[in-house]
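Take a look at the letters that make up each chain.
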Amino acid sequence: MKAIYNNGEVRTLPEEEETHVIRHTAAHIMAQAILRLHPDAKFAYGPATERGFYYDVDLGGEKLSDEDLAAIEAEMAKITKENLPVKTYELPRPEAIRLMEERGEVYKVEHIGDLPEDARITFYQQGDYIDMCVGPHLTYTKALKAFKITGQSGAYWKNDSENKMLTRINGVAFRNADELKAWETEQAEARARDHRKIGKEMQLFMTDDLVGRGLPMFLPKGYTLWQILENYIKEKERRLGYLHVMTPCVGTVDLYRTSGHWDHYKDNMFPPMQVEDEEYVLRPMNCPHHMRIYANRPRSYRNLPLRIGEIAHDFRYEASGTLKGIERARHFCQNDAHLFVTPDQIKDEIASVCDLIFEAYKDFNITDYRCVLSLRDPEDKKKYHDDDEMWNTAENALREVLNELKLDYTEEIGEAAFYGPKLDVNVKPAVGAEYTLSTCQLDFCLPARFELTYIDQNGTEKTPVVIHRAILGSLDRFMAYLIEETKGRFPVWLSPVQVKVLPVSEKFMDYASECCEALLDAGFRAELDERNEKIGYKIREAQQVERVPYMLIIGQKETDAKNVTYRNRDTGESTTSSMEEFMELLRQR
């Protein structure tokens, strides 16, 4: 496959670059199709991305329907069949501005103004469509063979909420039809696993616009699962000496000024609330509160390490287009903890955190993950606390610990927290891109900002080091991950309802009720289906919709023999046994 570069040179593309150039060209062809159908459209940015391409477009307030998107895709197909040649040329800045002004491209004119004075300004043209771009692009439109428009969302010009909201039209493009078909198969699997769909079917959680977007509410079965996760991790932490606390969901703006979050993170926070003579904000994280707990009384080296844990409610301002069920919301609960340590305790405490992470992963059968040492970008003085010595000390200390632990990891620049480097454990879900589940962060910054101290062996006042860590991340996102990995078919120990007791008819209700009570008395999560429905309907609903691991079928023979017949959700097989044998089976699962 050949591509044309902005110097006019035509070259055969290396295979690893093909997809990027294909998607880049697809964005231009889509823009040409949009312009044919919506002549007043103004175009902002239209890049290729890791997962496809998009173009941000000002449609003058016009709202696109699904039919409009389908029409754009059809027009793209026409343009590819026209096999228009793609040409490139360069213009001096004044001529480039004049060309874009003549075409009404106000966003391109503004973009030219943002470019360095010595920047080359190149254009690509296919038919009557001209776009300012650095390329490269395919040489003919017919070379784009497999593409699809996938949807639309809102996007601010230059990603700045002070600017106008544009329409972002998204698409995917591939080298051939087979790759597109494979992507469509993956998308079908993603839809089948989508935690929002399964959560609705299983009645785990809900959202309501009147309550607010991005503010999920857990229904009884979902909250049961949430509590199982909470109890699981708290018990693990208690055995390791963690002390659990509960802190408010709000704090003063001064609290976040002291921590540095106000300078580095306020765009991700909800706006302040005026209460008498103070300003408060919903907290986006819990470390400032825990710093104040540490500062509540004098500390000695004998008190360290001090491990403060909390399942804490946090609130972050997320753009509505990024919200996704309980995976990404404006309210969530972190499995958070802060470990206050002396410098010589860093290695052992980080090792203990890593052990806890991987122990939890084993319990939840999480095997596809990788470790990342997330470092600051030293050139970005706005995003990160500006203290080179502190950063060098923290990054070297964390790197040294990870090496001593013999962990396999990669290093990524620009992914650190604003106050310190971190170990991120990124999971690869069954479908979609990887994301961070667990984290362990080393912080020399916040303890100093809060003037935290302890008295060392020599009676000298020292500043502790803080390790921020989250094992399950947020319980909400972790639950979403589990739902999508298992398709809602949780193992017995995790299932909100472990056994559904199903009487064949009302005349067997008394014995069915006895069975359900026996299960509840033994500590199992059981429900009795008292509805006057056919047994086949009850079984299908319990097995396929509610995804209950075991169903007890109670009919005449079970009532007469005082035993049970249980049906396995995963195999569909039915087995008759005593109640004691069945409960022993549950205990082993």
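Q: A description of the overall build of the protein should follow, citing residues and the corresponding values.
A: A count of helical and extended segments in the protein gives 18 helices and 30 strands. Principal-axis analysis of the C-alpha atoms places the extent of the protein at approximately 90 × 75 × 55 Å. The buried share of the protein, taken over its 589 residues, is 50%. In the protein, of all internal contacts separated by at least 6 residues, the share reaching a separation of at least 24 is 69%. When the accessible area of the protein is evaluated, it comes to approximately 28500 Å², of which 47% is carbon and sulfur surface. Separation of charge centres in the protein, based on 77 positive and 101 negative side chains, amounts to 4 Å.

Q: Summarise the side chain of R469; cite the residues concerned and give the values.
A: Mapped onto the secondary structure, R469 falls in strand β25 (residues 465–474). Within the structure, R469 has its side chain in polar contact with the side chain of E237 (distance 2.9 Å). Not counting residues up to four positions away in its chain, the partners in contact with R469 are E237, Y242, N335, D336, A337, L339, V353, L356, T439 and C440.

Q: Just give me the short version of the environment of R302, but keep the residues and values in it.
A: Assignment of secondary structure puts R302 in the loop between α10 (287–294) and β17 (306–315). Distance from R302 to D456, taken between C-alpha atoms, is 8.3 Å for residues 154 residues apart in sequence. Polar side-chain contacts of R302 include one of 3.4 Å to the side chain of Y301.

Q: Requested: an account of the pattern of salt bridges, with residues and values cited.
A: Here the idea is simple: oppositely charged side chains can pair when their charged atoms come close. For the structure on display, the rule yields 43 salt bridges. For E235, the salt bridge goes to R239, with nearest N and O atoms at 3.1 Å. Separated by four residues within a single helix, E235 and R239 lie in helix α7 (residues 220–239), roughly one turn from each other. Overall, E235 belongs to the partly exposed group, its relative accessible area being 32%. Several salt bridges share partner residues, and in doing so they unite R36, E75, K78 and E82 into one network.

Q: Which residues make up helix α4 (residues 106–114), and what values do they have?
A: Where α4 is concerned, the buried positions are Y107, K108 and I112. Angular distribution of buried residues about the axis of α4 spans 145°; they occupy a single face of the element. Relative to its buried face, α4 has exposed residues pointing more than 90 degrees away, namely V106 and G113. At its buried positions, α4 is contacted by β3 (42–43), β4 (53–58), α3 (93–102), β7 (129–132) and β10 (165–174).

Q: Break down the sheet that holds strand β27 (residues 526–528) for me, with residues and values.
A: Taking strand neighbours across the sheet as the criterion, the five strands line up as β27-β26-β28-β29-β30 in an open arrangement whose pairing is mixed. A strand with exactly one partner marks an edge of an open sheet, and here the two such strands are β27 and β30 (574–577). Taking the axes of each pair of neighbouring strands and ignoring which way they run, one obtains an average angle of 25° across the sheet. As paired strands, strand β29 (residues 564–568) and β30 are joined by four bridges and run antiparallel to one another. Following the sheet pairing, R567 is matched in β30 by S574. Sitting on the sheet, helix α16 (residues 535–545) touches β26 (499–503), β28 (550–554) and β29, and the angle it makes with β26 is about 170°.

Q: Requested: an account of the confidence of the model for the protein, with residues and values cited.
A: Confidence along the protein averages 93 in pLDDT terms, with 99% of residues attaining 70 or more. The least confident element of the protein, judged by mean pLDDT, is helix α12 (residues 388–404) at 82; the most confident is strand β13 (residues 243–244) at 98.

Q: Quick one: what's the story with the pairing of strand β21 (residues 422–427), residue by residue and with numbers?
A: For β21, a buried count of six out of six residues is recorded, marking the element as mostly surrounded by other parts of the structure. Burial of β21 is two-sided: the residues K422, D424 and N426 facing one way and the residues L423, V425 and V427 facing the other way are all buried. Sheet topology note: the strand β19 (residues 369–375)/β21 ladder contains six bridges and is antiparallel. Bridge pairing in β21 links S374 to K422. In the sheet, β21 pairs with strand β22 (residues 435–443) via six bridges, with the strands oriented antiparallel. Looking across to β22, one finds that L423 is bridged to C440.

Calculation notes
- Residues numbered from 1 in each chain as written.
- Predicted model: local features only at pLDDT ≥ 70, side-chain atom pairs only at ≥ 80, totals over all residues.
- Heavy atoms only, no water.
- Helix = DSSP H or I, 4+ residues; strand = E, 2+ residues; numbered from the N terminus.
- Buried < 20%, exposed > 50% of the residue type's maximum accessible area, 1.4 Å probe, protein only.
- Contact = heavy atoms within 4.5 Å.
- Areas by Shrake-Rupley, 256 points an atom, 1.4 Å probe, with all protein chains shown as cover.
- Lys, Arg positive; Asp, Glu negative; His and termini not counted.
- Charge placed at Lys NZ, Arg CZ, Asp CG, Glu CD.
- Polar contact = N/O pair within 3.5 Å; in protein donor to acceptor, adjacent residues only side chain to side chain.
- Salt bridge = Lys/Arg side-chain N within 4 Å of Asp/Glu carboxyl O.
- Arc of directions from axis to C-beta.
- Pairing = 2+ DSSP bridges.
- Axes fitted to C-alpha atoms, helices over the stretch in contact; angles between N-to-C directions.
- pLDDT = per-residue confidence, 0-100.

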